[in-house]
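# Observations on chain architecture
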Amino acid sequence: MTTSWQQGDGGPGRKYFELTPAGREEFRVKATLWREFAGATVRFIGEKER
């Protein structure tokens with residue numbers, strides 16, 4: 001992750017974060033795992049309601 005400070009518009013400065021290429025890949029992997037988990041959870045709950 002990279003960071004940078006930028007002057008605020010009429011307020012304090014702000015710190016901005018940006019994912020590195022490795023961070024974007026890690027996010028992609030984790031997002032895929034989360035979607036699989038969420039889908040399994042929805043299917044499980046749906047089976048219990050029948």
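Described below are features of the structure shown in this document. (Residues numbered from 1 in each chain as written. Predicted model: local features only at pLDDT ≥ 70, side-chain atom pairs only at ≥ 80, totals over all residues. Heavy atoms only, no water.)

## Focus on the overall build of the chain
Helix and strand content of the chain: one helix and two strands. Ordered by position from the N terminus, the helices and strands of the chain form the series β-β-α. When each of the 50 residues of the chain is scored for burial, the buried share is 6%. Just so you have it, the chain exposes about 4,800 Å², and 59% of that area is on carbon and sulfur atoms. Considering the chain, the positive charge centre built from 9 side chains and the negative charge centre built from 7 side chains are found 2 Å apart. (Helix = DSSP H or I, 4+ residues; strand = E, 2+ residues; numbered from the N terminus. Buried < 20%, exposed > 50% of the residue type's maximum accessible area, 1.4 Å probe, protein only. Areas by Shrake-Rupley, 256 points an atom, 1.4 Å probe, with all protein chains shown as cover. Lys, Arg positive; Asp, Glu negative; His and termini not counted. Charge placed at Lys NZ, Arg CZ, Asp CG, Glu CD.)

## Brief notes about the environment of Ala-38
Within the secondary structure layout, Ala-38 lies in helix α1 (residues 21-49). Separated by 13 residues in the primary sequence, Ala-38 and Glu-25 have C-alpha atoms spaced 20 Å apart.

## Structural notes on the pattern of salt bridges
Counted under the stated rule, the structure contains two salt bridges. For the salt bridge of Glu-25 with Arg-28, the shortest nitrogen-to-oxygen distance reads 2.6 Å. You can see Glu-25 and its partner Arg-28 sitting in helix α1, three residues apart, about one turn around the helix. We classify Arg-28 as partly exposed; its relative accessible area is 45%. One salt bridge connects Lys-30 with Glu-26, and the closest N-O pair in it is separated by 3.5 Å. Here the residue Lys-30 and the residue Glu-26 both occupy positions in helix α1, the gap between them amounting to four residues, near one helical turn. For Lys-30, a relative accessible area of 48% puts it in the partly exposed group. (Salt bridge = Lys/Arg side-chain N within 4 Å of Asp/Glu carboxyl O.)

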